[in-house]
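Spelled out from the first residue to the last, the chains are:
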Amino acid sequence: QVQLVESGGGLVQAGGSLRLSCVASGTISSINSMGWYRQAPGKQRELVATITTRESITNYADSVKGRFTISRDRAKNTVYLQMNSLKPEDTAVYHCHAIAYIMNYWGQGTQVTVSS
């Protein structure tokens, strides 16, 4: 079992920055990759960024490339999402995600609101 707890969301003006954090606990050694997804009102959940736990290979949605950076701190079992140049269309609930063996785990989510 893996538990994920997000933090760092909030309200920011367009052009501003936020950093999200996701702390993993439980069977950490079983995690293959972690990432962030987001879901805006009335829309489907979409991938934002992922990072593999061994090689730290990253992947980003086209809509956030060049603005968002995903990283991880092994010692703290934490994954970060640095979000710069935020746009109103980035407004959503951001969920941390982990894949451990073949199981998917989700955090509760943290709200990010970008005002124009």
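All residue numbers refer to positions counted from 1 along the written sequence of the respective chain. Totals for whole chains, interfaces and linings use all residues, but because this is a predicted model, local features are given only for residues with pLDDT of at least 70 and pairs of side-chain atoms are given and counted only at 80 or more. Side-chain measures here rest on the full set of heavy atoms in the structure, leaving out hydrogens and waters.

### Describing unusual backbone geometry
Link 1 in the chain: The residue S56 is not glycine, and still its phi comes out positive at about 55 degrees.
Link 2 in the chain: When accessible area is computed with a 1.4 Å probe and restricted to protein chains, residues below 20% of their type maximum are described as buried, those above 50% as exposed, and intermediate ones as partly exposed. By relative accessible area, which is 33% here, S56 ends up partly exposed.
Link 3 in the chain: Backbone geometry at S85 places phi at a positive 50 degrees, although glycine is not the residue there.
Link 4 in the chain: Secondary-structure assignment places S85 in the loop between β8 (78-83) and β9 (92-100). Helix and strand assignments come from DSSP, with helices taken as H or I runs of at least 4 residues and strands as E runs of at least 2, each series counted from the N terminus.

### A look at the environment of W106
Link 1 in the chain: For W106, the position within the fold is in strand β10 (residues 103-106).
Link 2 in the chain: Note on W106: relative accessible area 38%, which makes it partly exposed.
Link 3 in the chain: Expressed as a C-alpha distance, the spacing of W106 and H95, which sit 11 residues apart in the sequence, is 6.6 Å.

### Some points on the environment of N77
Link 1 in the chain: Among the secondary structure elements, N77 is positioned in the loop between β7 (68-73) and β8.
Link 2 in the chain: Overall, N77 belongs to the partly exposed group, its relative accessible area being 31%.
Link 3 in the chain: Distance in space between the C-alpha atoms of N77 and T58 is 17 Å, their sequence separation being 19 residues.

### Quick look at the layout of surface pockets
Link 1 in the chain: Its volume calculated, the largest pocket comes out at about 240 Å³.
Link 2 in the chain: Detection works on a 1 Å grid of protein atoms alone, calling trapped sets that fit a 1.4 Å probe cavities and calling open sets with protein on both sides within 12 Å along at least five of seven lines pockets, with lining residues defined by an atom within 4 Å of a point. Along its surface, the largest pocket is lined by 16 residues, and I28, S29, I31, T53 and R72 are the ones closest to its centre.
Link 3 in the chain: When contributions to the lining of the largest pocket are tallied by element, the ones reaching two or more residues are β4 (31-39), β7 and β8.
Link 4 in the chain: Ranked by residues supplied to the lining of the largest pocket, first place goes to β4 with three residues. Grid points are joined across faces, edges and corners, and a volume is the space filled by probe spheres set on the points.

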